[in-house]
Amino acid sequence: MMIDVTEIQPTGVDRFPVRRPLPRAEVEPLAREIFALKKQLNAVILAHNYQVPEIQDIADYVGDSLGLSQQAAATPADVIVFCGVHFMAETAKILNPDKIVVLPDKDAGCSLEESCPADQLAALQKTNPNFYTVTYINCSAAVKALSDVICTSGNAVKIVEASPWDKDLLFVPDENLGAWVMEQTGRPMTLWQGSCYAHVEFRRDSLLRMREQFPDAKVVVHPESLREVRDLADAVCSTEKMITYCKTSPAKQFVIVTESGIIHRMQKECPDKEFLCAPTFDVMRLPTDNCRCSECKFMKLNTLEKVRDCMKQLAPRIELPEPILQRARRPIERMLEISARS
Ligand code: 13P
Ligand code: SF4
């Protein structure tokens, strides 16, 4: 099933484009097969907020990295179909070593994960025995195994606040999220120099123009964005908290500064509100570019067909070496435990 640019539709005059759901005639036969396989396998389908609309629509749960980890930790299903990227499916496997975890496309990676090879992290850790490593969940299982505690964008502030005061905090691998957490907590940290290739495309100039064009809109920004962009935000938060913010805010219009897949849930859950996808370049300088949305090329590798196929074949399957599974589990459990504290 190919997605061509004609399926990227503008949401209105002068609005920025978002992907619209596939036609029902294409979705329904696949959805029927997926539901039958789900029953047969006793499977659960977990999907990230950036997945294409038709995957979100057939999932049992759609959410951010924290919600997905919590769901993975609690599921009674025998098979977890993880519609997201590789590190998310690995996290589900670490929490469920005896279950089958499949990912629709094995190449669904993450630029943050790529930026932090485990051997380089181990070498940095050796330079300071007093380091306490707080690791953003967007990393490999091998990096999780080297960590003291994991965090997501939804709980990073809480996790850092709960970290021991007599330790030197090392935050990996997202320097932008790390810088935001330092601002929020006042705790100094050594930051790994990694970033999300998609979120750093949002820029202050183009966002300022959006504010001029839509002065009543609230600006909601993911903390993987650059500081120049975060500084213009009405709210900085994880994808799940973005949805809660838009639902509970009295505002009717929002500029969303994150991957455009999230707009689908926002439109479904707040049908009376308008969501504008922030452009990833200066709209005044490049007025003829017809794809002005930000899409994560990794998240968008998953399709409904691949979901069906991975359930049929029980592959690509996540497998991890036993020592990594064991060592990576503790920092994830520590995160879940701190997150559950009131
Ligand atoms: P959330 O946990 O906020 O959904 O973020 C995941 C992610 O990969 C953002 O790019
Ligand atoms: Fe990774 Fe960025 Fe894609 Fe999120 S949006 S999965 S951080 S590359």
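Structure first, text after, so check above.
Keep in mind that this is a model prediction, so the values were computed, not measured.

## Overview of helix H10 (residues 204-213)
Piece 1. Listed in full, the buried residues belonging to H10 are Ser206, Leu207 and Met210. Looking down the long axis of H10, one finds its buried residues gathered within 100 degrees of arc, a one-sided arrangement.

## Here we look at the site of ligand 1
Piece 1. Around ligand 1, the surrounding shell consists of His48, Tyr50, Asp64, Ser65, Tyr136, Asn138, Ser153, His199, His222, Glu224, Ser238 and Thr239.
Piece 2. For ligand 1, an oxygen atom lies 2.8 Å from a polar atom in the side chain of serine 65.
Piece 3. A distance of 3.2 Å separates an oxygen atom of ligand 1 from a polar side-chain atom of asparagine 138.
Piece 4. Within the complex, 96% of the 300 Å² of free accessible area of ligand 1 lies under protein.
Piece 5. Of the residues that constitute the shell around ligand 1, the class distribution is two nonpolar, eight polar and two charged.

## Some points on the sheet that holds strand E6 (residues 100-102)
Piece 1. Reading across the sheet, the four strands line up as E4-E3-E5-E6 and stay open at both edges, with parallel pairing between neighbours. Of all strands in the sheet, those bounded by a partner on one side alone are strand E4 (61-63) and E6. Direction aside, the axes of adjacent strands within the sheet are offset by 20 degrees on average.
Piece 2. Note that strand E3 (residues 43-48) and strand E5 (residues 79-83) share five bridges and pair parallel. Opposite isoleucine 45, over in E5, you have valine 81 as the bridge partner.

## With respect to the packing of aromatic side chains
Piece 1. In the structure shown here, the tally under the stated rule is three aromatic pairs.
Piece 2. With a centroid separation of 6.4 Å and 80 degrees between ring planes, the pair formed by tyrosine 245 and phenylalanine 254 is classed as edge-to-face.
Piece 3. Relative accessible area serves as the criterion here: at 0%, phenylalanine 254 is assigned to the buried category.
Piece 4. Ring plane angle 15 degrees and centroid distance 5.5 Å describe the contact between phenylalanine 254 and phenylalanine 275, whose orientation is recorded as stacked. One end of the pair, phenylalanine 254, is in strand E13 (residues 253-257); the other, phenylalanine 275, is in strand E14 (residues 274-277), with 21 residues separating them in the sequence. The pair phenylalanine 254 / phenylalanine 275 is uniform in exposure class, with both members buried.
Piece 5. Among the aromatic side chains, those forming a connected cluster through ring pairs are Tyr245, Phe254 and Phe275.
Piece 6. Positioned above the aromatic ring of tryptophan 165 is the side chain of arginine 187, whose terminal nitrogen or guanidinium carbon lies 4.0 Å from the ring centre.
Piece 7. Lying across the ring of tyrosine 197, lysine 297 places its NZ or CZ 4.9 Å from the centre.

Rules and cut-offs
- Residues numbered from 1 in each chain as written.
- Chains lettered and ligands numbered in written order.
- Predicted model: local features only at pLDDT ≥ 70, side-chain atom pairs only at ≥ 80, totals over all residues.
- Heavy atoms only, no water.
- Buried < 20%, exposed > 50% of the residue type's maximum accessible area, 1.4 Å probe, protein only.
- Helix = DSSP H or I, 4+ residues; strand = E, 2+ residues; numbered from the N terminus.
- Arc of directions from axis to C-beta.
- Near = heavy atom within 4 Å.
- Polar contact = N/O pair within 3.5 Å; in protein donor to acceptor, adjacent residues only side chain to side chain.
- Areas by Shrake-Rupley, 256 points an atom, 1.4 Å probe, with all protein chains shown as cover.
- Nonpolar A, V, L, I, M, F, W, Y, C, P; charged D, E, K, R; others polar.
- Pairing = 2+ DSSP bridges.
- Axes fitted to C-alpha atoms, helices over the stretch in contact; angles between N-to-C directions.
- Phe/Tyr/Trp six-rings, centres within 6.5 Å; stacked < 30°, edge-to-face > 60°.
- Lys NZ or Arg CZ within 6 Å of the ring centre and 35° of its normal.

In short, the description is geometric, and any link to function would need to be established separately.
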